[in-house]
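Each chain is listed here by its residues.
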Amino acid sequence: MNNWPRQVVGTRADELLAAAALPYSQWRDRFPGHRPFPYFCSYWPEELVMALGWEPVRVLPPAKVGTPARLPTYCCTVARGCLEEGEAGRLPFEAAGFAQSCDTMQCLSQIWRHAVAENSFTFVPPVDLGAAGALRYCAEELAALGRQLEQVSGRTLETGALARAIKLNNRLRKLLAKLEEMRPWLPSTLAAELERAAQIAPRAFSGEVLEAALPELERLFKGDEDLPRRYRRVVVSGAVLEGADLFGLLEELGARVVADDSCTGRRHFAGLVDEDGDPLEALAARCLRRPPCPCRHQGLDARLDYLLELARSKGAEAVILVLRKYCDPHAWDAVYLTEGLRGAGVPAYVLELEGASPGGQEKTRLQAFLECL
Amino acid sequence: MSTKTKSYLPLKTTGQLRRTMEKHYLFARYHRWWGRPLKKPLAWVTSGAPVEILRVFGIYTVYPENYGAVCGTARASLPLCQEAENRGYVQDLCSYARSNLGAVFRPEIAPAGGLPAPDLLVACNNICGTVLKWYEVLARHYRVPLFIIDTPFVAGNGGPPAHAVDYVQGQLREMITGLEKLTGRRFSAASLERHLLLSWEVVELWREIRYLCRNRPSPLNIPDMFLHLAPIVVMRGTKGAVAYYRKLLAEVKERVQKGVAAVSGEKYRLLWDNIAIWPRLFGFFKTFSEKGACFVVDTYAGGWAVEIFPGEPLESVARIYTGIFLNQGIAYRVRDMVRLIEEFAVDGFVMHSNRSCKPYSLIQEEIRRRVTAATGVPGLLVEADMTDPRAYAEEQVRTRVQAFLEALQSR
Ligand code: SF4
Ligand code: SF4
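Here we summarise the structure given alongside this text. (Residues numbered from 1 in each chain as written. Chains lettered and ligands numbered in written order. Predicted model: local features only at pLDDT ≥ 70, side-chain atom pairs only at ≥ 80, totals over all residues. Heavy atoms only, no water.)

### A few points about the sheet that holds strand E8 (residues 379–384) of chain B
Residues and elements named next belong to chain B.
Then, in step 1: Strands sit in the order E6-E5-E7-E8 across an open sheet of four strands; the sheet is parallel. The sheet terminates laterally at strand E6 (293–298) and E8, the two strands that pair on one side only. Strand-to-strand twist across the sheet, computed as the mean angle between neighbouring axes with direction ignored, equals 30 degrees.
Then, in step 2: Where strand E7 (residues 348–354) meets E8, six bridges bridge the pair, whose relative direction is parallel. Pairing of Val 350 across the sheet is with Leu 380, part of E8.
Then, in step 3: Lying on the sheet, helix H19 (residues 394–409) is in contact with strand E5 (268–273), E6, E7 and E8; it crosses E8 at an angle near 170 degrees. (Pairing = 2+ DSSP bridges. Helix = DSSP H or I, 4+ residues; strand = E, 2+ residues; numbered from the N terminus. Axes fitted to C-alpha atoms, helices over the stretch in contact; angles between N-to-C directions. Contact = heavy atoms within 4.5 Å.)

The following block contains the structure:
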């Protein structure tokens, strides 16, 4: 069932949402003439594959996750769900792109190469983003990855094509940043679904649709100036959120997500790539200054400071830390973030989920938390 | 001889092992008395960190992971883990980390009162992403400098790429500058070389000891390897470690010469994959040794028999520590296991699916399939945890092990 409000039916936004809601197996039919390149982590350098004639397609797990043959149960549902789809042949793509992030993704990337797609590539960005030589290493790693991708694509990575891809993605990032600004008066589910859709549909298509859709949405949803005041304003932070059920529940409980700091939300698109100068260095530079991800080190307080600033700038009343079962990096951070946020006067709540959808118990707890605000 | 019929035949060197490790922890315990006056800070270090560099600066090193194993063997992990869980660190996180944090928060319930507080922390992410998060917590708690060595994961087949080695080397230089400031001592390349030579000597001795297990019957069983691994982890780069392993080698050689079997009536030769189940170290392996099954080789203790790259010391350190097996892709691990199976004439392998250690474990089922396809040797996956007893289902494990051994018998 779709999660987006009735008002958008028939608008340009609807077109993007519907395209992204299709199963991956129908992606080629929906976008004939495009070569899909599935990837798993938002650190994957989309521009490299775009410059080589592919379309980056974010792979997200299905809503219901079973048991893939090659992963144990004590593994997050992101990895398990994706592998299950891959093993079952429901991701009919010729290659795959991974970015080294957590231990789980590292294992999945290795399994994938042998169990699903031989042409699997791993980009290994620096983990300590402030380390001596991190920028240079990152640019060289991108260049090395580019050389590997060239061999499979049969094309040469040209600076001009890379610059065009950067421009195209920057345009999309700006539109998504604008969408993020519209959150106070836009249904939380709609904003989340659009952000997710723009990672699945071809980038040019997403950009073109959003360009037309944002003014439409403004007409449809703005207007009621009092609306933001009727909601509890919350920031959501966490790993991948493959569906918008949580956002729907929060709305139902009278909250509005004014910032989505998840791997599929603003962390994915925040920050532009410098369009002047060497493209690979510019991509590396963005990689190093993205919003803090728990899989990387940017100093001891970077993520707390970032979330505090985000909450302050959005006038949020609370931060909800979404913790997926068996997700180590986020579990580690949840402790210090909760203490730090609360210490700074920002109520914080750790919401433990098996996947991305909350159940009855979580609803009761969330409700209690929101009522206390 | 009556000892031969026992399911476990302890080494004479075990006494020395105990003394060596006690001395190590005693020095640590009283560090606050001698560390300051001698200007020798105490560092908490991850097991895969390049300690040889720290030794140049006279830094005393202790290993929270080893402490985790000590707690596990002493069956003291559970209350410590629970202590960490009470403070929000969920049960799914690595139990070494939880044990250590539990001991940090409540030293009064920890064996030996926990580890002495560190003056600095050194985390190298070549073993997992956990250590980075764990050491971040420690750095926030103790407010001491945290040195991170970021060793990029080796995703391809050709070993660490040049740009990764350069990157690591640059960080090592940066760490050296930081340590010069911290200790007030000057770095000495000659001293580093001396410590590296000591390390490599230990690594060579360890390799030789392991390879003696190619003999039939094997002079050692896996609990021996696990117990006697401790000095290589905590004392790498010291003369004490070299002396210790020379002695151990002599004893193992003697066993081989006399034809002493670690498991009397050795029938099956097995390979072990992953960290030990410390609280069941003897009980678990007894199930095997009673049936004449001896673990002649493993991948975990073998992780310390690293490949040595000669050359410029810092480059060689960067290359070795980036290329350790947990930092390498599946092809490397499969190749390694297939080689061990062939070299040690292994009949079957057992993989400990260790809930604590995701980088080691999540990939095991795929490895199992590929190793069996390549060698025809069967493998068994047993789910447990290296120290958290809650993850160990005794009956289930016993049934699976028995079925596996029966299957081996019928081959
Ligand atoms: S970051 Fe967390 S949710 Fe994402 S793949 Fe890793 S363990 Fe799973
Ligand atoms: S996760 Fe694994 S490698 Fe990392 S500290 Fe724990 S046991 Fe060691």
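### Quick look at the packing of helix H7 (residues 95–105) of chain B against helix H8 (residues 130–142) of chain B
All names here are of chain B.
Then, in step 1: Running from N to C, H7 and H8 cross one another at 10 degrees; their axes reach a closest spacing of 11 Å. The pairing of H7 with H8 is recorded here as roughly parallel in orientation. Each of Tyr 96, Ala 97, Asn 100, Leu 101, Val 104 and Phe 105 in H7 lies in contact with H8, whose residues at this interface are Trp 134, Val 137, Leu 138, His 141 and Tyr 142.
Then, in step 2: Split by residue class, the contact of H7 with H8 holds nine nonpolar, two polar and no charged. (Parallel < 35°, antiparallel > 145°, perpendicular 65-115°, else oblique. Nonpolar A, V, L, I, M, F, W, Y, C, P; charged D, E, K, R; others polar.)

### Quick notes on the site of ligand 2
Residue and element names in this part refer to chain B.
Then, in step 1: As a matter of local geometry, ligand 2 sits amid Glu 65, Cys 94, Ile 127, Cys 128, Thr 130, Val 131, Trp 134, Ile 275, Ser 356, Cys 357 and Met 386.
Then, in step 2: By residue number, the principal contributor to the shell around ligand 2 is H8, which donates three residues.
Then, in step 3: Residues of the shell around ligand 2, tallied by class, amount to eight nonpolar, two polar and one charged. (Near = heavy atom within 4 Å.)

### Considerations on the interface of chain B and chain A
Then, in step 1: Counting from both sides, the interface comprises 48 residues of chain B and, opposite them, 48 residues of chain A.
Then, in step 2: Here chain B is connected to chain A by 16 residue pairs in polar contact (both at pLDDT 80 or more).
Then, in step 3: When residues of the side of chain B that touches chain A are traced back to their parent elements, those giving at least two are H7, H8, strand E4 (146–149), helix H9 (162–183), E7, helix H17 (358–361) and helix H18 (364–375) of chain B.
Then, in step 4: Among the elements that line the side of chain B that touches chain A, the one with the most residues is H8(B), at eight residues.
Then, in step 5: In the side of chain B that touches chain A, the residues fall into 22 nonpolar, eleven polar and 15 charged. (Polar contact = N/O pair within 3.5 Å; in protein donor to acceptor, adjacent residues only side chain to side chain.)

### Regarding the packing of helix H2 (residues 13–29) of chain B against helix H13 (residues 239–258) of chain B
When two helices pack together, you describe them by how their axes are tilted relative to each other and by the distance separating the axes.
Residue and element names in this part refer to chain B.
Then, in step 1: Two elements in contact, H2 and H13, have axes separated by 10 Å at closest approach and are oriented at 165 degrees. Relative to H13, the element H2 lies roughly antiparallel. As H2 packs across H13, the resulting crossing turns out to be left-handed. Touching Thr 13, Gln 16, Leu 17 and Thr 20 of H2 are Tyr 244, Lys 247, Leu 248 and Glu 251, all from H13.
Then, in step 2: Taken together, the residues of the contact of H2 with H13 break down into three nonpolar, three polar and two charged. (Left-handed = near helix turned anticlockwise from the far one by under 90°.)

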